[in-house]
Amino acid sequence: MRPSSAAGICTVADRSDEMKEPEQSRSHKTKGAKGQLHELIDVIALRASTAGVAEVQGIEDALRFVVDRICRHTGWPVGHVYMPAPDSEDEYVSAGIWHLDDAAALERFRKATEQTRLNGDVGLPGRVLSSGRPAWVVDVGQEPGFPRAAAARRAGLKSAVAFPIQAGERTGAVVEFFSREVMEANEHLLEAMVSIGTELGRAFERSRELSMAQQAAELYRSVVETSPDAIMVTDLNGRVLMCNQQAAAHHGAEGPEAMLGLSGFDFVAPEDRERAVENARRTLETGGVRNVEYTLVRRDGSRIPAELSASLIRDPQGQPRAFIAVVRNVAERKKSEDALRQSEEKFRTLTEMNAAATFVFKKGRLVYANSAAAEMTGYSVDELLTIDPWKTVHPDFRESLEEAWRATFERPDQPPPSGFEVKIVTKDGDERWVEYSADLVDWEGGRGVLGTAYDVTERKQAEQALRDSEERYRVMYQDNPSMYFTVDAAGRVLSVNQFGAEQLGYAPEELAGTPVLEVFYDEDKEDIARQLQLCMDTPGKMSHWECRKVRKDGEVVWVKEAARATLDVNGELIVLIVCEDITERRRMEEELRKAREELEGKVERQMQQGRAYGLTFRELTVLHLVAAGNSDREMADKLGISPLTVSKHVANILSKMGASSRSEASARAVREALLV
């Protein structure tokens with residue numbers, strides 16, 4: 001064999017008939033009869049096959065055994081293993097598996113190795129990763145692009161050899177060795193390493209397959225045991241073969257064992273049993289049924305409503321073998337449905353008794369109207385549900401009201417038009433003024449608007465309109481998943497919604513009456529006081545700021561706030577503040593800033609040493625990120641520039657370096673120490 005480059009990299013594929021060097025000139029440490037190599041391979045193969053049926057620790061034990069045996073056979077002082085990095089798909093790191101004949105003398109080399117992350121472009125292991133074959137370096141001190149060359153020279157290491165362990169489509173590990181002598185490649189030893197790598201690759205595959213099978217079994221067990229639904233497996237006659245604890249609880253049994261052998265049909269109420277048998281037949285024919293409702297009878301005679309979905313289990317030959325059924329207790333859902341029906345009945349009863357006109361508007365049509373609406377407009381209820389609803393609105397108001405409604409249905413954040421006086425036209429052509437209110441509601445599975453209209457001359461109806469308005473305010477303010485504060489002119493908290501108080505670790509009553517500045521970070525209080533005063537000085541104008549607040553437990557959180565001063569029902573000036581927690585966003589921005597400063601500091605130091613290839617500061621910064629494998633979008637985010645600008649910088653870098661690709665430019669930058 002002969003080196004494939006001036007530096008002395010050799011692979012198994014680099015055989016040559018031109019090698020003239022006598023056999024006896026090779027190091028005696030790499031000699032040895034083929035029989036000894038075969039014996040070594042057999043011993044390692046046996047250990048690998050034993051480790052292959054064990055856990056991950058068995059694989060690591062097999063690798064240590066291989067490293068030690070090869071070092072003992074060759075007399076090499078250093079053996080080491082690289083494995084895939086747990087936090088990267090493309091990089092490999094030290095597995096912590098070593099053979100060191102003099103640990104103290106080799107300590108600096110060990111540390112340098114364990115601090116080096118490699119990919120398919122860097123170092124001897126990187127070349128092994130790229131080629132998928134063993135490789136031999138005659139002298140690491142003369143090898144360009146060898147990141148540990150300096151550490152190897154200090155440790156007195158000369159030649160190096162490495163081979164891969166393939167685990168499926170990916171390299172599961174790279175094993176490397178070093179000698180203290182300059183040694184030419186040993187063809188027989190390289191071939192032996194191919195065999196050893198193959199055996200260990202099989203062990204890796206067996207271990208991975210076993211681990212995946214164990215994970216699948218554990219996942220299946222966890223799903224079944226933790227499922228809130230009852231899960232049962234029965235034979236084709238309905239006899240229980242297996243079930244979880246929830247199934248036993250559904251039927252009042254002590255445990256899953258008490259269910260075995262029982263007929264699943266016995267748990268179905270008599271009136272549903274014939275239908276259950278028919279559904280079992282359908283499952284056998286079609287492969288499954290979904291969301292079938294039955295009444296189940298427990299052992300104590302009590303009944304529960306349930307929903308069942310079942311599937312057919314087939315054997316490897318495709319023949320029906322068993323049924324698996326998932327049964328869900330729907331008692332709460334039924335209770336909710338009953339409550340909903342009762343609520344709808346109450347709603348209709350209430351609205352029919354109400355003197356106010358009440359209607360539900362959905363998809364451009366009225367879908368509900370009460371008798372008061374009919375009386376107010378002069379149309380019957382049936383007529384209101386069929387005519388164009390805009391026909392009842394006076395022409396002077398129709399266009400603006402239609403535009404407001406259109407915005408409500410096209411933009412989810414746009415509230416419906418509400419709380420104003422509008423003129424209507426009755427069926428007879430009379431004009432009447434009504435006070436109109438509306439709110440968004442869920443109606444029969446869709447988005448609708450519940451509206452009411454009152455004759456403004458009727459005091460009772462006006463009071464009802466006020467109660468409706470207060471209820472809408474409660475829904476918007478108290479139940480909103482945002483932090484809402486109401487502050488008086490003196491800066492004291494008038495109210496805070498439940499969500500806002502909980503976000504700061506308080507109960508609402510703890511904050512009510514306290515100075516609002518108490519929940520702000522000390523360094524921000526002065527600025528917040530100025531912002532609040534500005535709101536008071538400019539009522540109706542929206543103000544925005546970002547600041548820090550302090551939770552009850554002392555934790556500091558960043559918030560984005562919007563505030564506006566307005567008058568309350570008593571004519572007093574108040575400030576409404578809406579807060580959004582942006583702590584996580586600020587943390588990420590700070591991390592990005594630090595990373596950018598660290599990178600730019602490194603580039604600045606390199607620029608002071610000379611501008612290689614005439615690269616500018618920004619181009620050298622981009623080159624660092626290109627070498628780290630960042631995409632244009634990732635580089636744009638990290639540098640605060642556009643992806644198009646990044647692309648232009650990359651093009652300039654390739655042009656100045658005379659590189660044909662990013663990989664070539666990155667590899668050259670590493671070899672020439674441009675990224676140190």
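Attention in this report is confined to the structure presented alongside it. Within every chain, residues take consecutive numbers counted from 1 along the sequence as written. Since the coordinates come from a predicted model, pLDDT governs what is reported: local features require at least 70, and pairs of side-chain atoms require 80 or more to be given and counted, while whole-chain, interface and lining totals use all residues. Each side-chain value is worked out from all heavy atoms of the structure, with water and hydrogens disregarded.

**A closer look at helix H12 (residues 395-410)**
Under the scheme used here, helices are H or I runs from DSSP no shorter than 4 residues and strands are E runs no shorter than 2 residues, and both carry numbers assigned from the N terminus. By definition here, a helix of n residues has an expected span of 1.5 Å times n minus one. In this model, H12 (16 residues) spans 23 Å end to end at C-alpha, consistent with the 22 Å of a helix rising 1.5 Å per residue. Remark: exposure states derive from per-residue accessible area (1.4 Å probe, protein chains only) relative to the maximum for the residue type, with buried under 20%, exposed over 50%, and partly exposed in between. Those residues of H12 lying buried are Leu-401, Trp-405 and Thr-408. We call two residues in contact when some of their heavy atoms are within 4.5 Å. Looking at the buried residues of H12, the elements they touch are strand S14 (420-425), strand S15 (431-443) and strand S16 (446-455).

**Describing the sheet that holds strand S18 (residues 493-496)**
Here the rule is simple: two strands pair whenever DSSP picks up at least two bridges between them. Taking strand neighbours across the sheet as the criterion, the five strands line up as S18-S17-S21-S20-S19 in an open arrangement whose pairing is antiparallel. Each of the sheet's edge strands pairs with one partner strand only, and the pair in question is S18 and strand S19 (543-550). Across this sheet, the average inter-strand angle for adjacent strands is 30 degrees, counted without regard to direction. As a rule, the C-alpha atoms of each element are fitted with a line to give its axis, helices using only the stretch in contact, and angles between N-to-C directions run from 0 to 180 degrees. With respect to the sheet, helix H16 (residues 522-537) is in contact with strand S17 (483-488), S19, strand S20 (556-567) and strand S21 (573-581), its orientation differing from that of S19 by roughly 145 degrees.

**Description of empty space enclosed by the protein**
Any empty space left between the atoms is revealed when a probe the size of a water molecule rolls over them. Cavity and pocket criteria rest on a 1 Å grid covering protein atoms alone: a 1.4 Å probe that fits but cannot get out defines a cavity, protein on both sides within 12 Å along at least 5 of 7 lines defines an open pocket, and an atom within 4 Å of a point defines a lining residue. Grid points are joined across faces, edges and corners, and a volume is the space filled by probe spheres set on the points. Evaluated as defined, the whole model comprises two cavities of 30 Å³ or more. If you go around the largest cavity, you meet 20 residues; those closest to its centre are Phe-359, Pro-389, Thr-392, Val-393 and Tyr-436. Elements that contribute at least two residues to the lining of the largest cavity include exactly strand S12 (357-362), strand S13 (365-369), helix H10 (371-377), H12, S14 and S15. Of the residues contributing to the lining of the largest cavity, the split by class is 18 nonpolar, two polar and no charged. Empty space within the second largest cavity amounts to approximately 30 Å³. The wall of the second largest cavity is formed by Trp-76, Trp-136, Ser-159, Ala-160, Val-161, Phe-177, Phe-178, Ser-179 and Met-183. Elements supplying a minimum of two residues to the lining of the second largest cavity: strand S5 (160-167) and strand S6 (170-178). Residue classes in the lining of the second largest cavity are distributed as seven nonpolar, two polar and no charged. Side-chain classes are defined by residue name, with Ala, Val, Leu, Ile, Met, Phe, Trp, Tyr, Cys and Pro counting as nonpolar, Asp, Glu, Lys and Arg as charged, and the others, Gly among them, as polar.

**Quick notes on the environment of Arg-333**
Mapping Arg-333 onto the fold places it in helix H9 (residues 331-353). The exposure class of Arg-333 is partly exposed, given its relative accessible area of 32%. Here the alpha-carbon distance between Arg-333 and Pro-305, two residues 28 residues apart in the chain, equals 9.3 Å. If we skip the residues at most four places from it in the chain, Arg-333 touches Glu-293 and Glu-307.

**With respect to the packing of aromatic side chains**
In this description, a pair of aromatic rings is defined by centroid distance and the angle of the planes. Aromatic contacts are taken between Phe, Tyr and Trp rings whose centres are within 6.5 Å, Trp giving its six-membered ring; a plane angle under 30 degrees counts as stacked, one over 60 as edge-to-face, and the others as tilted. Taken as a whole and assessed by the stated rule, the structure comprises five aromatic pairs. With 6.4 Å between their ring centres and 20 degrees between their planes, Phe-163 and Phe-177 make a pair best called stacked. Placement of Phe-163 in strand S5 and of Phe-177 in strand S6 is noted, with a sequence separation of 14 residues between them. Residue Phe-177 is classed as buried on the basis of its relative accessible area of 1%. Counting every residue linked through ring pairs, the aromatic cluster contains Trp-76, Trp-136, Phe-163 and Phe-177. Distance and angle both matter: a charge sits over a ring if NZ of Lys or CZ of Arg is within 6 Å of the ring centre and within 35 degrees of the ring normal. Cation over ring: Lys-549 sits above Phe-485, and NZ or CZ is 4.2 Å from the ring centre.

**Focus on the sheet that holds S13**
Sheet architecture is open: five strands sit in the order S13-S12-S16-S15-S14, paired in antiparallel fashion. A strand with exactly one partner marks an edge of an open sheet, and here the two such strands are S13 and S14. Strand-to-strand twist of the sheet, defined as the mean angle between neighbouring strand axes without regard to direction, takes the value 40 degrees. Contacting S12, S14, S15 and S16, H12 runs over the sheet at an angle of about 120 degrees to S14.

Such coordinate-based values are descriptive only and should not be taken to indicate function.
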